[in-house]
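Analysis of the macromolecular model
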Number of protein chains: 2
Amino acid sequence: MQRPPADADWMAVAIALSRRGRPLSAPNPNVGCLIVKDGRVVGRGWTQPRGRPHAEAMALAGAGEAAHGAAAYVSLEPCAHASPRGPCCADALIAAGIARIAIAAQDPDPRTDGEGIARLRAAGIEVVTGVLAAEASTAMAPWWTRQLAGRPFVTLKLATSLDGCIAMGDGSSRWITGAHARAHGHLERANHQAILVGRGTLVADDPSLDVRLAGLEDRSPTKLLLTSGKAPDGWTAIASPESIDDVDSVLVEGGAGAASAFLATDRVDRLLLYRAPILIGGGRPALGDIGLTDLSQAHGRWRLTDSRLLGSDRLDVYERVREG
Amino acid sequence: MQRPPADADWMAVAIALSRRGRPLSAPNPNVGCLIVKDGRVVGRGWTQPRGRPHAEAMALAGAGEAAHGAAAYVSLEPCAHASPRGPCCADALIAAGIARIAIAAQDPDPRTDGEGIARLRAAGIEVVTGVLAAEASTAMAPWWTRQLAGRPFVTLKLATSLDGCIAMGDGSSRWITGAHARAHGHLERANHQAILVGRGTLVADDPSLDVRLAGLEDRSPTKLLLTSGKAPDGWTAIASPESIDDVDSVLVEGGAGAASAFLATDRVDRLLLYRAPILIGGGRPALGDIGLTDLSQAHGRWRLTDSRLLGSDRLDVYERVREG
């Protein structure tokens, strides 16, 4: 690097660390924290499983005495409320002698919501806010969505042929995408708190929905079944897309009925489109009716945020454009 | 450029020139020719409409006296047969005093087929062959396909939503893709000798299929209708994908029936997939049955050769992988 790192460079590292906390930090936000002294990283932290320790506590523990006079980069405002499960991070940063703090986003939790920043400033610490705020909220999208919209962040996964089929006419779907794309799908499972399928997919495929990636087996998410009836052992029945409680992130894996139900209620925030370079013809469509009455309504809703080749398949990632 | 241009660099220019001849040179091959002397381009040519003048004749005319002692780069072996419509190119190159010739591909036409190369060598000209042969045959794909397979080179265009629909359930399809993608589609029309649609598309859309791009209006291709019946004025009836005569290149524009007929008979060489970032759900599929009986048959047939964003739409270009 030709120039010395700027605040945004260090914050990008803190945000990358924050992603390590996902999804196990839920229901706590997955925060990342970096402590830098004299241009060197002396502490790194991210919210640990079930929310404790917080990212700041982990980073401060790593920095030890080096935290004195150092700068901290935190992807969310440090908490101002003590808890039986751990100390208040604003106080801990002050006590450690941090001299300067950059914060990506203010915490909307009414117990903090600016109070952490105020307390740090009152202690004489220089506080900079809004550094990579959009990137930080994207990295914490599940938690933000629950905070602001009161519902889980939903990712819809579709694996199709070039002509948009998820199976042949007779239902066979093994395999449309290749090994690379399927492994990527398992990584996405590991990043979600819950996975949901419809009853048709359960009956047809009896999917295990576990994370078959070495080292991530413990990440296998809660299994939700979209059904008006009961769910078998190991599954939780969900009557409708609106009725999911206590979950920050859901990966909708199939089939067309479940996908359409979430789209029809505008509950999909992110779309993972794995597409194999094959044509099926006369196969099963990826979606049923999603309530569209005019083609113009379909436009302007999805923004491409990533596109990559996975073996010979292409993954396109779209995010729902929501104004306001 | 740090190093002096190599044969492949000059040949790449000749091949780029050859594309200018497409599709108006048909039934003659669209050849490109570059004449280089002392590291400078002194002549450029490409096969003119209806096949004459040939690329070499045009380039030699541009070079004039400078051709003496120069090098020529030609994307196809110069012809060895004189014709009432023009001189034989091998003789013309010899007469102009060309000292060295690089040739991409040998002409399979039995009237030339090595005879051009032999005559040039017999005249003392240094001849190099096989320079960018694959690139040259791609640039001349329509002519090569007719020469080798006795049928036209077929491009299938599909414009779909992310879920693979070419229209809503009620048939509305204006518009799925945006202005950039539609303009690119017009450019593709200009590169084909004929455009084909099925009767359903003719009845539903009454498409004009002209090239609505300034300066290219004269390129509007012949209009073919895939039908078991008669064609209206201005159209030529085609009973089946196998029954197209006297055309080097066909763009299949719609609808699902025509597309499926060409795929089912393995007559599609190139696939243009324009995809808008929209979801339709329950719409009309891009394809009907194409004769697939097992998913494994679908794999390994298409190779991605280009991918680009056109406004907010993505164009992926696939070519049919044909062994041997």
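Residues numbered from 1 in each chain as written. Chains lettered and ligands numbered in written order. Predicted model: local features only at pLDDT ≥ 70, side-chain atom pairs only at ≥ 80, totals over all residues. Heavy atoms only, no water.

What follows is about the overall build of chain A. In terms of helices and strands, chain A carries 10 helices and 15 strands. Over its C-alpha trace chain A gives a radius of gyration of 22 Å, about what one expects of a compact globule, namely 20 Å for 324 residues. Every one of the 324 residues in chain A was classed for burial, and the buried ones make up 51%. Taken as a whole, chain A presents about 13900 Å² of accessible surface, with 50% of it coming from carbon and sulfur. Taken as two groups, the 35 positive and 36 negative side-chain charges of chain A have centres that lie 3 Å from each other. (Helix = DSSP H or I, 4+ residues; strand = E, 2+ residues; numbered from the N terminus. Rg over C-alpha atoms; globule rule 2.2 N^0.38 Å. Buried < 20%, exposed > 50% of the residue type's maximum accessible area, 1.4 Å probe, protein only. Areas by Shrake-Rupley, 256 points an atom, 1.4 Å probe, with all protein chains shown as cover. Lys, Arg positive; Asp, Glu negative; His and termini not counted. Charge placed at Lys NZ, Arg CZ, Asp CG, Glu CD.)

The next point concerns the interface of chain A and chain B. In this complex, chain A contributes 37 residues to the contact, which on the side of chain B involves 37 residues. Across the chain A to chain B interface the summed buried area is about 3000 Å²; carbon plus sulfur atoms make up 67%. When the buried area of chain A at its contact with chain B is split by residue, Leu-162, Leu-279 and Leu-295 of chain A rank highest and sum to 23% of it. At the boundary of chain A and chain B, one finds 2 salt bridges. At the surface where chain A touches chain B, the tally comes to 8 residue pairs in polar contact (both at pLDDT 80 or more). Elements represented by at least two residues in the side of chain A that touches chain B include exactly strand E12 (270–275), helix H10 (295–298), strand E14 (302–310) and strand E15 (313–320) of chain A. (Contact = heavy atoms within 4.5 Å. Buried area = accessible area lost by both parts, 1.4 Å probe. Salt bridge = Lys/Arg side-chain N within 4 Å of Asp/Glu carboxyl O. Polar contact = N/O pair within 3.5 Å; in protein donor to acceptor, adjacent residues only side chain to side chain.)

This part covers the domain arrangement of chain A. Accessible area lost upon the coming together of the parts is a frequently used measure of interface size. Residues and elements named next belong to chain A. Taken domain by domain, chain A comprises domain 1 (7–145) and domain 2 (151–320). Contact with domain 1, which involves 10 residues of that partner, is made by 10 residues of domain 2. Together, the buried faces of domain 1 and domain 2 total about 930 Å²; carbon and sulfur atoms form 55% of this surface. On the domain 1 side of the contact with domain 2, Arg-22, Pro-23 and Thr-145 bury the most area, a combined 50% of that side's loss. Summed over the shared surface of domain 1 and domain 2, the result is 0 salt bridges. (Domains from an automatic or database assignment.)

On to unusual backbone geometry. With an omega of -15°, the peptide bond between Arg-174 of chain A and Trp-175 of chain A qualifies as cis. As for its placement among the helices and strands, Trp-175 of chain A is situated in the loop between strand E7 (165–167) and helix H7 (179–190). Here the amide bond leading from Arg-52 of chain B into Pro-53 of chain B is cis, since omega sits at -10°, within 30 degrees of zero. Locating Pro-53 of chain B in the fold gives a position in the loop between strand E2 (40–46) and helix H2 (55–63). At Asp-246 of chain A, a residue that is not glycine, the phi angle is positive and equals roughly 60°. With a phi angle near 55°, Asp-266 of chain B is a residue other than glycine that sits in the positive phi range. Structurally, the position occupied by Asp-266 of chain B is in the loop between helix H9 (256–264) and strand E12 (270–275). Of the residues examined, Asp-266 of chain B reaches a relative accessible area of 25% and is grouped as partly exposed.

Another aspect to go through is helix H9 (residues 256–264) of chain A. Given 3.6 residues per turn, any residue in an α-helix points the same way as the ones three and four places further on. All names here are of chain A. Within the span of H9, buried status applies to Ala-258, Ala-259, Ser-260, Phe-262 and Leu-263. Along its buried surface, H9 packs onto strand E6 (153–160), strand E8 (194–198), strand E9 (222–226), strand E11 (249–254) and E14. Just downstream of H9, Asp-266 is the residue with a positive phi angle, here 55°.

Residue and element names in this part refer to chain A. Listing the buried residues of helix H4 (residues 115–122) in full gives Gly-116, Ile-117 and Leu-120. The buried side chains of H4 occupy one side of the element, clustering within an arc of 100° when seen end-on. In this structure, the buried side of H4 is in contact with helix H3 (89–95), strand E4 (100–105) and strand E5 (126–129). Looking one or two residues past H4, Gly-124 carries a phi angle of roughly 90°, positive in sign. (Arc of directions from axis to C-beta.)

With an RMSD of 0.0 Å, chain A superimposes on chain B once it is rotated by 180° and translated 0.0 Å along the axis. Taken together, these values place the two copies in the relation of a two-fold axis. For chain A, the smallest separation between a C-alpha atom and the rotation axis is recorded for Gly-164 of chain A, amounting to 2.0 Å. An overlap of 100% is found between the interface residues of chain A and their copies at the interface of chain B, pointing to a shared contact surface. (Least-squares fit on C-alpha atoms with pLDDT ≥ 70 in both.)

What follows is about the sheet that holds E4 of chain A. The strands that make up a sheet are held in pairs by hydrogen bonds between backbone atoms, and each pair lies either parallel or antiparallel. Residues and elements named next belong to chain A. Strand order in the open sheet formed by 5 strands is E2-E1-E3-E4-E5, and the pairing between neighbours is mixed. The strands lining the two open edges of the sheet, one partner per strand, are strand E2 (40–46) and E5. Each adjacent strand pair in this sheet contributes to an overall mean axis angle of 15°, direction not counted. Sheet topology note: the strand E1 (residues 32–37)/E2 ladder contains 6 bridges and is antiparallel. In the strand pairing of E2, Lys-37 is matched with Arg-40. Relative to E1, helix H1 (residues 7–19) is tilted by about 140°, and along the sheet it contacts E1, E2, strand E3 (71–76), E4 and E5. (Pairing = 2+ DSSP bridges. Axes fitted to C-alpha atoms, helices over the stretch in contact; angles between N-to-C directions.)

Further remarks concern the packing of aromatic side chains. Residues and elements named next belong to chain A. Under the counting rule described, the total for this entry stands at 4 aromatic pairs over all chains. Relative to Trp-144, the ring of Trp-143 lies with its centre 5.4 Å away and its plane at 70°, an arrangement referred to as edge-to-face. Classification of Trp-143 by relative accessible area gives buried; the value is 5%. The ring of Trp-46 carries the charged tip of Arg-20 above its face, separated from the ring centre by 4.6 Å. When the ring centre of Trp-175 is taken as reference, the NZ or CZ atom of Arg-182 above it lies at 3.9 Å. (Phe/Tyr/Trp six-rings, centres within 6.5 Å; stacked < 30°, edge-to-face > 60°. Lys NZ or Arg CZ within 6 Å of the ring centre and 35° of its normal.)

So, about the sheet that holds strand E10 (residues 236–238) of chain A. Residues and elements named next belong to chain A. Spatially, 8 strands are ordered E10-E9-E8-E11-E6-E12-E15-E14 in an open sheet, and the strand pairing comes out mixed. In this open sheet, the two strands that pair with only one neighbour each are E10 and E14. Each strand of the sheet is rotated relative to its neighbour by a mean of 25°, with strand direction disregarded. Inspection of the sheet shows E6 paired to E11 by 4 bridges, in the parallel sense. Looking at E11, one finds that Phe-153 is bridged to Ser-249.

It is worth spelling out the pairing of E11 of chain A at this point. It is a general feature of regular strands that their side chains alternate between the two faces of the sheet. All names here are of chain A. Here E11 lies mainly inside the structure; 6 of its 6 residues are buried. Where E8 and E11 come together, 4 bridges link them in parallel fashion. By the bridge assignment for E11, Leu-196 is matched with Val-252.

With that settled, consider the pairing of strand E14 (residues 302–310) of chain B. Sheet topology note: the E14 of chain B/strand E15 (residues 313–320) of chain B ladder contains 8 bridges and is antiparallel. Bridge pairing in E15 of chain B links Arg-303 of chain B to Glu-319 of chain B.

Let us look at the confidence of the model for chain A. Note: predicted coordinates in regions of low pLDDT should not be interpreted at a detailed level. Confidence along chain A averages 94 in pLDDT terms, with 99% of residues attaining 70 or more. Our summary of model confidence lists the complex with pTM equal to 0.89 and ipTM equal to 0.89. (pLDDT = per-residue confidence, 0-100.)

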